[in-house]
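# Survey of secondary and tertiary structure
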Amino acid sequence: MSQQTTTDLRETVRRRYAAAAVKVTEGGTACCGPEPVEIDGNFGSTLYAADERDALPAEAVAASLGCGNPTAVAELRAGERVLDLGSGGGIDVLLSARRVGPTGKAYGLDMTEEMLALALANATKAGATNVEFRKGAIEAVPLPANTIDVVISNCVINLSTDKPAVFAETFRVLKPGGRIGVSDVVADDTLTTEQRAERGDYVGCIAGALSFAEYRAGLETAGFTDIEITPTHQVADGMHSAIVRATKPTTAAGPDASATDNSCCGVTACCTPAEQATDPSVTVSEAKSAAECACQG
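All values reported here derive from a predicted model rather than from experimental measurement.

### Remarks on empty space enclosed by the protein
- By the definition in use, this model includes two cavities of 30 Å³ or more.
- Computed from the structure, the second largest cavity encloses a volume of approximately 40 Å³.
- The wall of the second largest cavity is formed by Val151, Ile157, Phe167, Thr170, Ile180, Val182, Tyr215 and Leu219.
- At the level of secondary structure, the elements contributing two or more residues to the lining of the second largest cavity comprise α6 (163-173), β5 (174-187) and α8 (212-222).
- Residues that form the lining of the second largest cavity fall into these classes: seven nonpolar, one polar and no charged.

Here is the structure:
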């Protein structure tokens, strides 16, 4: 995939989700409240239990665009720190915050300003004090290594144009023994890339989906173990919503194992003369400050 194609796809995804956030926000000012963005039963808020939907702001529910309910399979526990990749309007962050309780924390990461604004508004309406939303790419997570207990995501990884980077970053931020509980679209191993594209476009969560074998191989390469990929329902011919679970070993031997001591807070070679921010748009000090990193020197 060329750099221009990658850039174009990323911008297409950003525009689609920005428009979805605006639609929900504007609908929230109408007399009857916001209408759900998705009407396809394979995606959206209908995949959550009624009691979960009823406990959240209507705008958070209406903005749900996922293909599952990762909070229902991640087995979240009180006191844990959770990161939601591609948090959108915040439904999974808010549900996670309720599950981990006041001693835990739920982070949401999204690249879309409009979705972040909607998520912050929803958190305020929900009275959630143990949540934090950050702007950034799931290929370069602005959090320190080994700080998160659970990473969740709802039909977002398939939208990335650099999935190996997503898997590597997920592995990096997880604590040893940490785990993932992800809902995503996965293709049958028999389908070629071209056949997947025939079943739906990239922004519709179809064309960019990995096959079951590719997904497993990507997680294994990143260092994950105990990998389970379980289809739940079909979203197109040969394409499935699936629950993905995996664990970071307690003695991690993945790509970040040798780098853990010299990288933190979105900064490489941390606290050395060669340190640089992994996000070139921010300074080293800004990266450390945003991540609340203890390594400030």
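### What to know about the environment of Ala165
- Here Ala165 lies in helix α6.
- Sequence separation between Ala165 and Gly218 is 53 residues, and the spatial gap between their C-alpha atoms is 9.6 Å.

### With respect to the pairing of strand β7 (residues 225-236)
- Direction of pairing for β7 relative to strand β8 (residues 239-247): antiparallel, over a ladder of eight bridges. Of the residues in β8, the one forming a bridge with His233 is Ser241.
- The turn linking β7 back onto β8 is made up of two residues, and Gly238 within it adopts a positive phi angle of 80°.

### A few points about helix α4 (residues 91-100)
- Across the 10 residues of α4, eight count as buried, placing the element largely inside the fold.
- Within α4, burial applies to Ile91, Asp92, Val93, Leu94, Leu95, Ser96, Ala97 and Val100.
- Within two residues after α4, Gly101 carries a phi angle of roughly 75°, on the positive side.

### Examining the environment of Pro231
- Within the element layout of this structure, Pro231 appears in strand β7.
- Residue classification places Pro231 among the partly exposed residues on the basis of a relative accessible area of 44%.
- Leaving out residues up to four positions away in the same chain, Pro231 has contacts with Phe212, His240, Ser241 and Ala242.

### Structural notes on the packing of aromatic side chains
- As enumerated under the stated definition, the model contains two aromatic pairs in all.
- Ring plane angle 50° and centroid distance 5.4 Å describe the contact between Phe167 and Tyr215, whose orientation is recorded as tilted. Pair noted here: Phe167 is in helix α6 and Tyr215 is in helix α8, with a separation of 48 residues, a long-range link. Each member of the pair, Phe167 as well as Tyr215, carries the same accessibility label: buried.
- An angle of 85° between the planes, with centres 5.1 Å apart, marks the rings of Phe171 and Phe224 as edge-to-face. Of this pair, Phe171 sits in helix α6 while Phe224 sits in the loop between α8 and β7; the two residues are 53 residues apart in sequence, bridging distant segments of the chain. Of the two residues, Phe171 and Phe224, neither departs from the other in class, the shared state being buried.
- Positioned above the aromatic ring of Phe171 is the side chain of Lys248, whose terminal nitrogen or guanidinium carbon lies 4.8 Å from the ring centre.

What counts as what
- Residues numbered from 1 in each chain as written.
- Predicted model: local features only at pLDDT ≥ 70, side-chain atom pairs only at ≥ 80, totals over all residues.
- Heavy atoms only, no water.
- 1 Å grid on protein atoms, 1.4 Å probe; cavity = no way out; pocket = protein on both sides within 12 Å on 5 of 7 lines; lining within 4 Å.
- Points joined across faces, edges and corners; volume = space filled by probe spheres on them.
- Helix = DSSP H or I, 4+ residues; strand = E, 2+ residues; numbered from the N terminus.
- Nonpolar A, V, L, I, M, F, W, Y, C, P; charged D, E, K, R; others polar.
- Pairing = 2+ DSSP bridges.
- Buried < 20%, exposed > 50% of the residue type's maximum accessible area, 1.4 Å probe, protein only.
- Contact = heavy atoms within 4.5 Å.
- Phe/Tyr/Trp six-rings, centres within 6.5 Å; stacked < 30°, edge-to-face > 60°.
- Lys NZ or Arg CZ within 6 Å of the ring centre and 35° of its normal.

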